[in-house]
Amino acid sequence: MASIRIRIRITNKRRKALVGMAFVAPWIIGFFIFALRPMIYSLYLSFQKVKVTPLGIKTDYVGWDNYKYAFVSDSTFIEKVLHYLREMALNVPIVVTFSLIIALLINQKIKMRGIFRTIFFLPVIITSGPVINELLSQGVTNIPNIESYSMFEMVKESLTPAVANPIMYLFKQIIMVLWFSGVQILIFLAGLQKVDHSLYEAARIDGASPWEAFWKLTLPMLMPLVLVNFIYTIVYISTFALNEIIIMIKDNMFNTTTGFGYATAVAWIYFVLIALVLAIWSLLIRTRKS
C-alpha cells in the first residue's frame with residue numbers, strides 16, 4: 001500500500017508568526033491556568049457586598065451599587081482618575097521621547113558605552129514599592145529647591161499656564177522620568193542595532209543630513225518599537241505600586257464602610273480605563289504611522 005505524504009509549505013511570514021506564538025505561549029497558558037479564574041471571581045465580587053468573617057467570605061448581591069458609589073458618592077475616586085489621566089498624558093510621551101534620545105546617544109561609538117547602559121538600566125533592577133517610597137520620603141526623587149530657580153519664573157511669565165504647567169511638572173519629576181526609562185532604552189537600543197548601516201551611507205551619499213536621516217530612516221524603522229514602548233510605559237506606570245488608584249484599591253479592601261466588593265469594582269473600572277488609554281494611544285500611533 002503506497003504511503004501518502006502530505007507536504008505543508010510554510011512561508012517565512014507564517015514561520016515568524018509561529019516562532020512568536022511559541023515565545024508567548026507560556027504566558028498564555030499560565031494566564032488561563034492561574035489568572036483567568038481569579039479575574040472572573042473578582043468580577044463576581046464587584047457586584048456583591050462582601051464581608052470577611054472567621055467562617056469565610058459572605059456575599060450579598062447589590063447589583064451595580066458598587067460602581068454607582070464610585071462615580072456618584074466617592075468624590076476622591078473621580079479626582080484620582082482625573083489626576084491619573086493627566087499624569088499619563090504628560091509622562092508617557094516624555095518617557096518614550098527621553099528613552100529614544102538616550103538610546104541614540106549611547107548607541108554611538110563612545111568609550112564606556114556598556115557602563116552607561118548599565119547606569120540607565122540600574123533603576124529597573126532595584127525598583128520596588130518600598131524602595132521608591134523611601135526615596136520619596138527622603139525627597140531624592142526631585143531636584144531640591146528647583147522652584148526657586150529663575151528658570152521657573154521665566155517660564156511662568158513668558159508662557160500661558162496651559163503650556164507652562166506641563167513644563168514645570170516635567171522639571172519637578174525629571175528623576176522619576178529617568179527611573180521609568182530603563183527598559184524602553186534597551187528596547188530602542190535593540191532596534192537601532194538592527195538597522196542596516198548601508199542605508200545611512202546611501203543617504204549620506206545622497207546629501208542627507210543626520211537630522212534628515214533620523215526622520216526619514218531611523219524613526220520610521222523604530223515606529224513598531226515606539227508603539228511597544230508606549231504600551232509598556234502605560235502599563236508600567238498604571239501598575240506601579242505607589243499609583244494613587246492602586247493605593248486606594250488596597251485601602252478599601254478591608255475598609256468596614258466600603259469593603260472588598262467596592263475595591264474589586266474600582267479595580268475593574270481601573271482595568272477598563274487602562275484598556276481604553278492603551279487603545280487610544282495605539283490608535284494615535286498607528287494613525288501617525290500610516
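Everything that follows concerns the structure shown earlier in this document.
Residues numbered from 1 in each chain as written. Predicted model: local features only at pLDDT ≥ 70, side-chain atom pairs only at ≥ 80, totals over all residues. Heavy atoms only, no water.

Caption draft 1: Structural view of a nonpolar patch on the surface. A surface patch of nonpolar side chains, amounting to about 780 Å² of accessible area, comprises V19, M21, F23, V24, W27, I28 and F32. If you trace the backbone, V19 turns up in helix α1 (residues 12–45). Residue classification places V19 among the partly exposed positions, given a relative accessible area of 43%. (Patch = residues over 30% accessible without salt bridge, like charges linked within 9 Å, V, L, I, M, F, W, Y side chains within 5 Å. Areas by Shrake-Rupley, 256 points an atom, 1.4 Å probe, with all protein chains shown as cover. Salt bridge = Lys/Arg side-chain N within 4 Å of Asp/Glu carboxyl O. Helix = DSSP H or I, 4+ residues; strand = E, 2+ residues; numbered from the N terminus. Buried < 20%, exposed > 50% of the residue type's maximum accessible area, 1.4 Å probe, protein only.)

Caption draft 2: View of the packing of helix α3 (residues 75–106) against helix α11 (residues 210–238). At a closest axis distance of 9 Å, the pairing of α3 and α11 adopts a crossing angle of 135°. Considering the angle they form, α3 stands oblique to α11. Handedness of the crossing formed by α3 with α11: right-handed. When α3 is examined against α11, the residues Y84, M88, N91, V92, P93, V95, V96, L100 and L104 are found in contact with a partner set consisting of F214, T218, L219, L222, V226, N229, F230, T233, I234, I237 and S238. (Axes fitted to C-alpha atoms, helices over the stretch in contact; angles between N-to-C directions. Parallel < 35°, antiparallel > 145°, perpendicular 65-115°, else oblique. Left-handed = near helix turned anticlockwise from the far one by under 90°. Contact = heavy atoms within 4.5 Å.)

Caption draft 3: Representation of the pairing of strand β1 (residues 48–53). Pairing between β1 and strand β2 (residues 56–61): 6 bridges, direction antiparallel. In the strand pairing of β2, Q48 is matched with Y61. Counted between consecutive antiparallel strands, the loop separating β1 from β2 contains 2 residues. (Pairing = 2+ DSSP bridges.)

Caption draft 4: Up close: the environment of K194. Residue position: K194 is located in the loop between α9 (182–193) and α10 (197–205). In the structure, K194 is positioned 28 residues away from L222 in sequence and 9.9 Å away in space, judged by C-alpha atoms.

Caption draft 5: The arrangement of the nonpolar core in detail. Membership of the largest hydrophobic core comes to 50 residues, with the highest contact counts inside it found for F77, Y84 and M88. Looking at this core, the elements with two or more residues in it are α2 (65–73), α3, α8 (174–179), α9, α11, α12 (244–253) and α13 (259–289). When residues in this core are grouped by element, the largest group, 13 residues, is from α13. Beyond its immediate stretch of four places on either side in the chain, M88 contacts P93, I234, I237, S238, V277 and W281. One finds V195, Y200, A203 and L217 within the second-largest nonpolar core, a separate group that totals 5 residues. (Core = buried A, V, L, I, M, F, W, Y, C linked by side-chain atoms within 4.5 Å.)

Caption draft 6: Here's a closer look at the side chain of T258. One can find T258 in the loop between α12 and α13. Polar side-chain contacts of T258 include one of 2.7 Å to the side chain of N252. Beyond its immediate stretch of four places on either side in the chain, T258 contacts K49, Y69 and N252. (Polar contact = N/O pair within 3.5 Å; in protein donor to acceptor, adjacent residues only side chain to side chain.)

Any functional reading would require information beyond the geometric quantities listed.
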